[in-house]
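Commentary on secondary and tertiary structure
Okay, here's what each chain looks like letter by letter:
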Amino acid sequence: MTTANPNLIAVGDNCLDAYLSKGFVTVGGNALNVAVQWRRHGLNARYFGALGPDAEADIMLAAIEEAGLDRNDVEIRPGASAVTLLTDDAGERRFLLESLGVGENYVPDADRYKALRQADWVHLGTNSSETLVRRLVADDVPFSIDVSTRHFDLSLHDVPLVFASGPDDPAEPVEPLIAQLRAAGARQVVVTCGKRGSFHDDRTVTSRAGSVPVTVVDTCGAGDSFIATFIASRFFADLPVQAALDLAAERASETCTHLGGFPQPIRAIPDWLIDKYVDVIGSTERAET
């Protein structure tokens, strides 16, 4: 269908990523990145998620507002916001901490869930709630979910569209994973395989698109840009599957040319964040800020 200005809502994960070896933080998370990419391309997008009442949330809410999303759509709940501490040297990432915070298994409150039922499309980020998935299926809400590499942690029965990460080695067949996702009940499947490209299966035809080579600055959020573009172009601009895959690959590659999952001010790591996680960081060296 072609909808001039669809009502799109991304739900779930967000994160403050602290690159200790480079001395900066960026804001992201699958669901948040998808919502921002929709907004960047002029679509009517909202982001529903949860943050804790902490300084990490202040940074993320500022980025959310700067990206053109409504910070009031984000719930503040007791607990801590999501934080990832990592080092990134010569493309080799090492994760010291991955805290999902209060956003893990997030289920929106009643008012926000009512908005989901009225949306033209809902996308659920990684680490989503089984309860929320089953409610959306029962209420016949058009939606997708990114299961990333945790392919079968949730029931996929009757989920309209499942995004999954697959093997980037061309010698490893992707067809078995597609078959397993179909057997689990997914109506449509998109498997992204890094430089290898992507695959779409609708239980009738399997389509494939390559990747677009670029000089990579940061791969963070590339898959999220792919997801946002595929959904918008396939379901709301009536592009054929192949054209939607190709456009999504272009947008994913563009995301690799800047730091973070979307263009944003690059902030130095605050001293209070280092102090807060000094026991986790230990002797890890960080760049001078």
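Just above sits the structure.
My aim in this report is to walk through the structure given alongside it, one point at a time.

Calculation criteria
Residues numbered from 1 in each chain as written. Predicted model: local features only at pLDDT ≥ 70, side-chain atom pairs only at ≥ 80, totals over all residues. Heavy atoms only, no water. Helix = DSSP H or I, 4+ residues; strand = E, 2+ residues; numbered from the N terminus. Buried < 20%, exposed > 50% of the residue type's maximum accessible area, 1.4 Å probe, protein only. Contact = heavy atoms within 4.5 Å. Areas by Shrake-Rupley, 256 points an atom, 1.4 Å probe, with all protein chains shown as cover. Expected span 1.5 Å × (residues − 1). Phe/Tyr/Trp six-rings, centres within 6.5 Å; stacked < 30°, edge-to-face > 60°. Lys NZ or Arg CZ within 6 Å of the ring centre and 35° of its normal.

Regarding the overall build of the chain
Helix and strand counts for the chain stand at 9 helices and 14 strands. Counting over 289 residues, the chain shows a buried share of 53%. Of the contacts formed within the chain by residues at least 6 apart in sequence, a portion of 63% connects residues at least 24 apart. In the structure as shown, the chain presents an accessible area of about 12500 Å², 48% of it carried by carbon and sulfur atoms.

Regarding helix α6 (residues 222-235)
Look at α6: 20 Å from first C-alpha to last across 14 residues, which is about the 20 Å you get at 1.5 Å a residue. Counting buried positions over the 14 residues of α6 gives 12, a clear majority of the element. Every buried residue of α6 is accounted for by Ala222, Asp224, Ser225, Phe226, Ile227, Ala228, Thr229, Phe230, Ile231, Ala232, Ser233 and Phe235.

Examining the environment of Gln118
Relative to the helices and strands, Gln118 resides in helix α3 (residues 110-118). As for Gln118 and Pro53, which are separated by 65 residues in sequence, their C-alpha atoms are 29 Å apart.

Quick look at the packing of aromatic side chains
Scanning all chains against the criterion turns up 4 aromatic pairs. Judged by centre distance (6.2 Å) and plane angle (85°), the rings of Phe163 and Phe230 are edge-to-face. With Phe163 in strand β10 (residues 161-165) and Phe230 in helix α6, this pair connects stretches of sequence that are 67 residues apart. Here the two residues Phe163 and Phe230 agree in accessibility, since each one is buried. Taken together, the ring pairs in this structure connect Trp121, Phe163, Phe230 and Phe235 into an aromatic cluster. Across from the ring centre of Tyr113, 3.8 Å away, lies the NZ or CZ of Arg135, which sits over that ring.

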